[in-house]
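For reference, the chains in residue letters:
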Amino acid sequence: MTSLRVRIGILGLVLLAGSAAPASPAAAATAPSPTVEEQRLDQAVPREILQRSGFDAVPLRFTRALGTARSYAEARKVVVGQGSALWKRAVDRAQGRGPAGGDLSRDDDRPLYWARLGMSREVRTWEPSFGLSDEQRAALLGELERTSRGQSAVRYPGGDRLKRVLVTGFDPFTLDRDIRISNPSGASALALDGTVIETAEGPARVETVVFPVRWQDFTDQTVERALRPYLKKVDLFTTVSQGRVGRFDVERTNGAWRGGFPDNDNVGVTGVVPVPDPASQPQWTTTTLPYKAIVDADTGRFPVYDNTSVTEIPAGGTVPVVRADGPTAGSAARAGGGGNYLSNEIAYRVTLLRDRLGLHDVLPGGHVHTPVLEFGAGNTDPATGTVTDPGFVQNRLDIIAQVRTILVVAVEKAT
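Engineer: Would you mind going over the pattern of salt bridges in detail, with residue names and values included?
Structural biologist: Per the counting criterion, the structure on display carries 31 salt bridges. The residue Asp398 makes a salt bridge to Arg301 at a minimum N-O spacing of 2.7 Å. Residue Asp398 is found in helix α13 (residues 390-414), and its partner Arg301 is found in the loop between α11 (291-296) and β10 (304-307); the two are separated by 97 residues along the sequence. The partly exposed category is assigned to Asp398, whose relative accessible area is 22%. Classification of Arg301 as partly exposed rests on a relative accessible area of 49%. Each member of the salt-bridge network shares a partner with another, and the members are Glu37, Arg116, Glu145, Arg149, Asp171, Arg214 and Asp217.

Engineer: Before we move on, could you go through helix α12 (residues 342-356) and cite the residues and values that matter?
Structural biologist: The end-to-end C-alpha distance of α12 is 20 Å, a good match for the 21 Å that 15 residues give at a rise of 1.5 Å each. Taking burial as the measure, the 15 residues of α12 include 13 buried ones, the bulk of the element. Downstream of α12 by a residue or two, Gly358 has a phi angle that is positive, lying close to 75°.

Engineer: Which residues make up the side chain of Ser133, and what are the values?
Structural biologist: Positionally, Ser133 belongs in the loop between α6 (110-125) and α7 (134-148). Among the residues examined, Ser133 registers a relative accessible area of 1% and is labelled buried. Within the structure, Ser133 has its side chain in polar contact with the backbone nitrogen of Gln136 (distance 3.0 Å).

Engineer: Give a detailed account of the packing of helix α5 (residues 72-94) against α6, specifying residues and quantitative values.
Structural biologist: The geometry of α5 relative to α6 is characterised by a closest axis approach of 10 Å and an angle of 170° between their N-to-C directions. Judged by the angle between their axes, α5 and α6 are roughly antiparallel. Each of Val79, Gln82, Gly83, Leu86, Trp87 and Ala90 in α5 lies in contact with α6, whose residues at this interface are Leu112, Ala115, Arg116, Met119 and Val123. A class-by-class count of the residues in the contact of α5 with α6 yields eight nonpolar, two polar and one charged.

Engineer: Describe in detail the layout of surface pockets, supporting the description with residues and values.
Structural biologist: Remark: the empty space left among the atoms is shown by a probe the size of a water molecule rolled over them. The calculated volume of the largest pocket comes to roughly 600 Å³. Within the residue set of the lining of the largest pocket, elements represented by two or more residues are β4 (236-242) and α12. Here the lining of the largest pocket is built from residues that sort into 11 nonpolar, 12 polar and four charged.

Engineer: I'd like a rundown of the packing of aromatic side chains, residues and numbers included.
Structural biologist: Inspection of every chain in the model, using the stated rule, returns nine aromatic pairs. Between Phe211 and Phe218 the ring centres are 6.3 Å apart and the planes differ by 70°, which places this aromatic pair in the edge-to-face class. Comparing Phe211 with Phe218, the two get one shared label, buried. Between Trp215 and Tyr341 the ring centres are 5.5 Å apart and the planes differ by 75°, which places this aromatic pair in the edge-to-face class. Of the two residues, Trp215 is situated in helix α9 (residues 215-219) and Tyr341 in the loop between β13 (332-335) and α12; the sequence distance between them amounts to 126 residues. Just as Trp215 is buried, Tyr341 falls in that class too. Every member of this aromatic cluster is reached through a ring pair, and the members are Phe173, Trp215, Phe261 and Tyr341. Over the ring of Tyr305 we find Arg247, and its NZ or CZ is 4.0 Å from the ring centre.

Conventions we followed
- Residues numbered from 1 in each chain as written.
- Predicted model: local features only at pLDDT ≥ 70, side-chain atom pairs only at ≥ 80, totals over all residues.
- Heavy atoms only, no water.
- Salt bridge = Lys/Arg side-chain N within 4 Å of Asp/Glu carboxyl O.
- Helix = DSSP H or I, 4+ residues; strand = E, 2+ residues; numbered from the N terminus.
- Buried < 20%, exposed > 50% of the residue type's maximum accessible area, 1.4 Å probe, protein only.
- Expected span 1.5 Å × (residues − 1).
- Polar contact = N/O pair within 3.5 Å; in protein donor to acceptor, adjacent residues only side chain to side chain.
- Axes fitted to C-alpha atoms, helices over the stretch in contact; angles between N-to-C directions.
- Parallel < 35°, antiparallel > 145°, perpendicular 65-115°, else oblique.
- Contact = heavy atoms within 4.5 Å.
- Nonpolar A, V, L, I, M, F, W, Y, C, P; charged D, E, K, R; others polar.
- 1 Å grid on protein atoms, 1.4 Å probe; cavity = no way out; pocket = protein on both sides within 12 Å on 5 of 7 lines; lining within 4 Å.
- Points joined across faces, edges and corners; volume = space filled by probe spheres on them.
- Phe/Tyr/Trp six-rings, centres within 6.5 Å; stacked < 30°, edge-to-face > 60°.
- Lys NZ or Arg CZ within 6 Å of the ring centre and 35° of its normal.

Below, the structure is given as structure tokens:
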């Protein structure tokens, strides 16, 4: 576990440096072993998902291309090019462009997730003849993460004709509970990326990115790095994640606390959310989305709630208390409305960034939790169930459609 944290920590340091190549690489080092997350690729379900979408060819093609590299510079070019191509392929597939590649429904976010892991495992374990330092390997992994998650592909047109909307999603998670799992927030990101939604206030261009379910990446400020360049340019943002069964929630309050639930590398972290300038860090941040209008509108199949609850330690107290109507003055956060996992943390980080950029009163933004994406009746046992079924697909399509409608309402009412 200690060596895993060291490897992830190296990745984070390089991500902070952006896309620049290492200035003075250290001596070539032995390639590390695959991460816990990457090791799941060897199971039958990921292999089936990749095969039934045609994405099984992606890691193989990547491995061949990487094998032709004769220097770090050539390897970086391969990683950037193929990482970007993977994101584009996943978006195109989700939006009906090009071949489906198999019988898995186009709305499925899982091929992107598993194909990316196949590529990252190859980079992590690759031992080229020219030698690769730990710093260089971490830089390549950082480029792969950035490009294959859409973080380098955000493009808004100039002028004032279109509203600009920024949406984030997540990878699948809780994979040891059910490795078949899909994340409707990631599926929504693929379905919406680069699309134009029509609203009563005019057209709005949606750009999306997807984030990992790993505590260390958030500690290393992957969220702030990816989104800071755009917050002053957009008209509205919302982070999106999978939440409760059978309902959407607009989370009113976000808390500065990590609750320790294991991430995709089976690492759990508990404590205050680590951000720059902790001396000025608030315990709570709030949504500026038009939550009442979203809740009141008929946006789709699932009910939508204005979730005002939090868990706090009251000022002067020592025991956590659940508050139905938000935090009290001077309290310490133990869970926002969206809990104390990475969904709460991304909401906290982006709304804090909004506030620190002086945009609280002018930029609508916050967090939306989707319903849990459930498999159809008779397909709920991970050990015996199939990777997809008609009910599963319909549930995901309905969630995606409702996320889109919620964005329409948000744009109209926030203008």
